[in-house]
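Below are the chains, spelled out letter by letter.
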Amino acid sequence: RKFRERLWTKLKYYLMRWEDVVGMSSEYATTVGLGAFEQLYEHTFKPHFLFQSNEHLHVNATLKSDAVKLLKTAMEMAATTGDVKYSQGLLVVEGKVFVSYQSSSQEPLEPCDLLFILFLCHTNREEHNQQIIFLNRAQHDQHYLPCTMTSVPITEGMVLLLLGEINTSLAPNICGAINTLLPIEETLTDIEKRYNVSGTLRVTLNMEEFGKSSKVINFFLNRMRKDIKRAELDREWRQLHGEWNAAEEGCRSITSGNPDEFFAFFDHVTKLIDGLRRLFYMIYCSDEPVALPANLDEIVGNLRRGLRDSASYLLVKAQRNFIIGNYIVQFPGLVHFLFINRAENRVLVPCFGGQGSSARYCFTMVTTLHRFYRRLLEQGVVQGYMRKRDLMYTYRIWFRETDSGQLVKPNVGQGEDFGEVYRAGRMVCSMFRDLVSAYFPRNKRRCIECYELLTIHVGDLPVEYVSESNRRLFSSLKREMDEN
């Protein structure tokens, strides 16, 4: 418990940094907390956290179908409470996803968002814990979606997660205004740098582009005004509007041949961006509690009754979710593996048994595999082998065309760029989306799936044998994942 509290405090510190408030997406929070993932693995021995992937429980279709119906009923009962519209729910057992449900109008969670949510769920297990999180919607409409995440224990090891969107249009409007202002600020910063070097102020603003940006910013500011209800927020908005009016006046003065107004104009733009971030913080990062569903006790009671007979089985299944047994027989020399579908960020990883020295040996083995994995990613390598002591560690990225099911080879000439992206601290699951685009620049219309296979074999085996064994193992695990 003390470890979880320290870990949560550390992550919360990163989340609440004032200057990065608009960047508090799941990707930002998880990136700065990469070390926390490694700490979590050390205390839980859950490899899916170490490799930044999500693990799902492997259960029969009937049990899963019944659980989805229960979860759907729970979401319908939660519905809308106050300013929160509950639209997504998950049942998580020991850090692994059992079932999930979202309303028909809601998109599935992004892989990074799901990983972030599971991380928070596993590091904070208080009764009826609730917190504000920001889901990444940058790929769609360039803003972060403020949500409330409520976690409620159902049975031993099982947690209900309710995700609710906070009903307001302020978030997209604030983020839209900031995204419009940031290129302007970047241009002004470049002008100031040139002035500091040469001592000559040359203002080179594209007034046509600024005019378009001005219309967009006025649109966002006017829409914000309609949704602001609290008096302190209204005062903040009036101050922002005054800064923008002053910025527009300064820009007109510059275009009229008065470049001395440049620094005042720059100052107004900077204050406007800071003010928008402060407004975002005041609305979504305050300590004011968000209302829980009024019938939460009834929702929890229904789930406990519905899952009572399967609760013990699910707890055991979470501890031994995927057994390596048959694979050792089919693939002689195989010791351990991880198979990750990076499109869904989903992993298949066998569970290890044993205690004492056996458990420590398994822990060391997986840790060594992870260090080998990270080194290859940093170098931009798509395939590698390493013998260490009596074991052989292997890694390979597989690319597969969705329609034909055929494996395809990447343009490895882009490998160095890939390594640079990884070293920059990107989340692995989002990094692989960029990797597919970089390796297949001429095939943008073809859907390419990306998989990772990491294996540990007996060290005396020939590389050729291990390579062929991995190829067959890939096909077998792909079928296993598709069936579950």
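Keep in mind it's a predicted model, so treat the numbers as computed, not measured. (Residues numbered from 1 in each chain as written. Predicted model: local features only at pLDDT ≥ 70, side-chain atom pairs only at ≥ 80, totals over all residues. Heavy atoms only, no water.)

**Q** Any details on helix α12 (residues 296–307)? Residues and values, ideally.
**A** In a regular helix each residue adds 1.5 Å, so 12 residues correspond to 16 Å; α12 covers 17 Å between its end C-alpha atoms and thus fits that length. The set of residues buried in α12 consists of L296, I299, V300, G301, L303 and L307. (Helix = DSSP H or I, 4+ residues; strand = E, 2+ residues; numbered from the N terminus. Expected span 1.5 Å × (residues − 1). Buried < 20%, exposed > 50% of the residue type's maximum accessible area, 1.4 Å probe, protein only.)

**Q** Now, about the pairing of strand β8 (residues 334–341): what can you tell me, with residues and values included?
**A** Burial analysis of β8 places 7 of its 8 residues in the buried class, which makes it a mostly covered element. In the sheet, β8 pairs with strand β13 (residues 448–458) via 7 bridges, with the strands oriented antiparallel. Bridge pairing links N341 to Y451 in β13. Between the antiparallel neighbours β8 and strand β9 (residues 346–348) lie 4 residues, among them N345 with a positive phi of about 60°. (Pairing = 2+ DSSP bridges.)

**Q** Summarise the pairing of strand β10 (residues 383–388); cite the residues concerned and give the values.
**A** Here β10 pairs with strand β11 (residues 391–401) via 6 bridges, running antiparallel. For R387, the partnering residue across the bridge sits in β11 and is M392.

**Q** Describe in detail the side chain of S53, supporting the description with residues and values.
**A** With respect to the element layout, S53 can be found in the loop between α4 (47–50) and β1 (54–55). Aside from chain neighbours lying at most four places away, what touches S53 is H48, L115, I340, R342, N345 and V347. (Contact = heavy atoms within 4.5 Å.)

**Q** I'd love a proper account of the packing of helix α5 (residues 61–78) against α12, names of residues and values included.
**A** Contact pair α5 / α12: the axes reach a minimum separation of 10 Å and the direction vectors enclose 170°. On the basis of their axis angle, the class for α5 and α12 is roughly antiparallel. Mapping the contact onto sequence places A67, L70, L71, A74, M77 and A78 in α5 and E298, I299, N302, L303, G306 and L307 in α12. Partitioning the contact of α5 with α12 into residue classes produces 9 nonpolar, 2 polar and 1 charged. (Axes fitted to C-alpha atoms, helices over the stretch in contact; angles between N-to-C directions. Parallel < 35°, antiparallel > 145°, perpendicular 65-115°, else oblique. Nonpolar A, V, L, I, M, F, W, Y, C, P; charged D, E, K, R; others polar.)

**Q** Let's hear about the pattern of salt bridges: which residues, and what values?
**A** Tallied over the full model, the rule gives 7 salt bridges. For R278, the salt bridge goes to E236, with nearest N and O atoms at 2.9 Å. With R278 in helix α11 (residues 262–284) and E236 in helix α10 (residues 231–255), this pair connects stretches of sequence that are 42 residues apart. Judged by its relative accessible area of 26%, R278 is partly exposed. (Salt bridge = Lys/Arg side-chain N within 4 Å of Asp/Glu carboxyl O.)

**Q** Describe in detail the side chain of T394, supporting the description with residues and values.
**A** By the secondary structure assignment, T394 is in strand β11. Engagement of the side chain of T394 in a polar contact is seen with the side chain of T455, the distance being 2.3 Å. Here the side chain of T394 touches N470 through a polar contact of 3.1 Å, side chain to side chain. Here T394 is in contact with L369, F372, G384, Y385, L453, L454, T455, V466 and N470, once residues within four sequence places are set aside. (Polar contact = N/O pair within 3.5 Å; in protein donor to acceptor, adjacent residues only side chain to side chain.)

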